[in-house]
Amino acid sequence: MDEPSMPSPPAATTPPTAAPPPGPPTPPIPLAELLASKELGLRRIAGPAEADLLWVHTSEMADPYPYLLGGELLLSAGVLLTDPDHYVGRLVEAGAAALGFGVRPVHETVPGALIEACDRHGLPLLEVPPETPFTTIARAVWRLMAEARHRELRRVTRAQQALATAAARPDPVPAVLHQLAAQLGGRAVLLTARGEEVHAAGRDPAEEPRAAGRHPAGDALAAGRRPAGDALAAGRPAGEMHGTGPHTARATAVALTRLARVVARERPGAPASATDAHGDTHLSAYALGGGEGLVLALATRRRESGDHTVAGIAVVLLSLLAAPHQGADAAGRSAALVRMLLGASPAEVVPLLGPTGSWTVIHARRADGAPADALTAGALGASLGTALVDAGHGGDGPVRVLLPEGDGISPQPGWTLGASAPTPVDALDAADCLAARALAHARATRAPLAVDTPVGGLAALVPPEQAAAHARALLAPLTAPLADTLRCWLSLHGSWDRTAVALAVHRNTVRQRIGRCGELLGADLDDMDVRAELWFALRQG
């Protein structure tokens, strides 16, 4: 009976309508692995040494072409073999991966004309000894494929764990791209719909030496696949897939940009993903969710069966990380911005942003000192539970976050935070200064979080107007820079080094400024009573 021996569980346990099992597809089996099974006694006697087997098919038909799907190891005893050249040509046309010819009882040896035909058409020919049943070969292929699938599942699982860990880092988007590039052994790029690079990680495969004896088109033919399929998926002629020019990193980048535009969500009907090949480099592009028009583009030297699954995991993570936070309505934020630009006061627009109570201003910097881009700052805002985030100016300034009152502030891994006390909306400018001071204090003390506390205790017993008037009179001789230095120095208990870190100046500069403060105030700053009175005054402004 002319039926394929396919590497799948028995039909009784897998109904035809059942959904495929989750996980990556079963990877093909290299012909060399099957030949390495000594108990089978198989011997390659013609054709190339490399081929990828997708399944096994047994047929004694004179022309099995209509029943082949491509990638098969076809097993036959040559019962109806009359024209070897025509027979082999049809197998190659159908995409068969290899031919296994069983000797006896029909043929005592493999016909010489068949050996010549396989060499001529480039089809691997295996001699199957009489003591090896075809069913034993089919079982061996299934066993090898099951082992390969288990290996691939383990690889995908490890990759999923690594990507999830990267997504929890302070810089989640670059970290996920870096981990994805490492897992796939290539380059991962986040692009806008116009092809502008947002982030990139990994090394371009075009910069690596070409693997000897392998070519993507040859691999596709050996596995029974049509080599033009990927090019057609991206809307390009098949002839462009082979690439005739120099495969430089620049050329790969251009090809990735072109492929990204295919899946960009800026036009209706765009596919969710597309693949292509540029010389020996495999290209893939995936549209991210969230309506931002971002595209994940990949360039790899190889394309393993589980790579699409790994890329899919990264697409989900990047879509969540790059999408705008939904805690406050986007339309409300836009309306608030428009009204403020047209002259409305903060108190008038704050109801559009969420709660109408007090707000907390947070200043943040990366603990490693690296600048924070918009995506990284957005991820911090999402962790804190707000969409109101300012990524700073060109990476030089701190990330600033507005947080509604009631949402607790907790340290964030990889960040140093300074927060103001909850403040009414009409005093956010003062809270912004307090958050900046808290951040400087946190950095100087190497604390992950510092929160400015409102005036309390004995100081709260003095009426605010009288306290402010006393502070203005006491601090009148000091300039603003001197007052800021004195405030920071007192908050850090007179530490020269920590004050220098907080103010980003040399410790000798701190000494000179504090000495000048003592001269202008006519006070001994080593006296605890003097320090307490000055601290009380400085806390009023």
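Owing to the predicted nature of the structure, the values given are computational and were not obtained by experimental measurement.

### Things to note about the confidence of the model for the chain
Moving on, step 1. Residues of the chain with pLDDT of at least 70 account for 79%, and the chain-wide mean is 78.
Moving on, step 2. Overall, residues 1-23 carries pLDDT values under 50, and its contacts beyond four positions in sequence, including any with other chains, amount to 27 contacts.

### Some details on unusual backbone geometry
Moving on, step 1. The omega torsion of the bond from Arg104 to Pro105 falls at 5°, within 30 degrees of zero and hence cis.
Moving on, step 2. Following the sequence through the fold, Pro105 ends up in the loop between strand E7 (98-102) and helix H3 (112-121).
Moving on, step 3. A positive phi is found at Arg104, a non-glycine position, where the angle reads about 60°.
Moving on, step 4. Looking at the secondary structure, you find Arg104 in the loop between E7 and H3.
Moving on, step 5. Looking at Arg104, the relative accessible area reads 48%, which means it is partly exposed.
Moving on, step 6. Not every positive phi belongs to a glycine, and Arg446 is a case in point at roughly 60°.
Moving on, step 7. Following the sequence through the fold, Arg446 ends up in the loop between helix H13 (428-445) and strand E18 (449-451).
Moving on, step 8. On the basis of relative accessibility, which here comes to 80%, the residue Arg446 falls in the exposed class.

### A short note on the sheet that holds strand E9 (residues 186-191)
Sheet strands pair by backbone hydrogen bonding; their relative direction is either parallel or antiparallel.
Moving on, step 1. One open sheet holds the five strands; their spatial order is E10-E9-E13-E12-E11, and the pairing between them is antiparallel. Every other strand in the sheet has two partners, leaving strand E10 (197-202) and strand E11 (273-278) as the edge strands with one partner each. With strand direction ignored, the average angle separating the axes of adjacent strands in the sheet is 15°.
Moving on, step 2. In this structure, E9 lies alongside strand E13 (residues 295-300), joined through six bridges in antiparallel fashion. Its bridge partner being in E13, Leu191 is matched across the sheet by Val295.
Moving on, step 3. The strands that helix H8 (residues 249-263) touches are E9, E11, strand E12 (281-287) and E13; relative to E12, the one it contacts most, it runs at about 35°.

### Digging into the packing of helix H4 (residues 134-167) against helix H5 (residues 172-184)
Moving on, step 1. Where H4 contacts H5, the axes come no closer than 8 Å and their chain directions differ by 160°. The angle between H4 and H5 falls in the class roughly antiparallel. For the element pair H4 and H5, the recorded crossing hand is right-handed. Touching Arg155, Ala159, Ala162, Leu163, Ala166 and Ala167 of H4 are Pro172, Ala175, Val176, Gln179, Leu180, Gln183 and Leu184, all from H5.
Moving on, step 2. Taken together, the residues of the contact of H4 with H5 sort by class into 10 nonpolar, two polar and one charged.

### Structural notes on a nonpolar patch on the surface
Moving on, step 1. A grouping of Val79, Leu80 and Val106 is seen on the molecular surface, where their side chains present a nonpolar patch of about 250 Å² in accessible area.
Moving on, step 2. Mapped onto the fold, Val79 is located in the loop between strand E6 (72-76) and helix H2 (84-94).
Moving on, step 3. Take Val79: its relative accessible area is 47%, and that puts it in the partly exposed class.

Thresholds applied
Residues numbered from 1 in each chain as written. Predicted model: local features only at pLDDT ≥ 70, side-chain atom pairs only at ≥ 80, totals over all residues. Heavy atoms only, no water. pLDDT = per-residue confidence, 0-100. Contact = heavy atoms within 4.5 Å. Helix = DSSP H or I, 4+ residues; strand = E, 2+ residues; numbered from the N terminus. Buried < 20%, exposed > 50% of the residue type's maximum accessible area, 1.4 Å probe, protein only. Pairing = 2+ DSSP bridges. Axes fitted to C-alpha atoms, helices over the stretch in contact; angles between N-to-C directions. Parallel < 35°, antiparallel > 145°, perpendicular 65-115°, else oblique. Left-handed = near helix turned anticlockwise from the far one by under 90°. Nonpolar A, V, L, I, M, F, W, Y, C, P; charged D, E, K, R; others polar. Patch = residues over 30% accessible without salt bridge, like charges linked within 9 Å, V, L, I, M, F, W, Y side chains within 5 Å. Areas by Shrake-Rupley, 256 points an atom, 1.4 Å probe, with all protein chains shown as cover. Salt bridge = Lys/Arg side-chain N within 4 Å of Asp/Glu carboxyl O.

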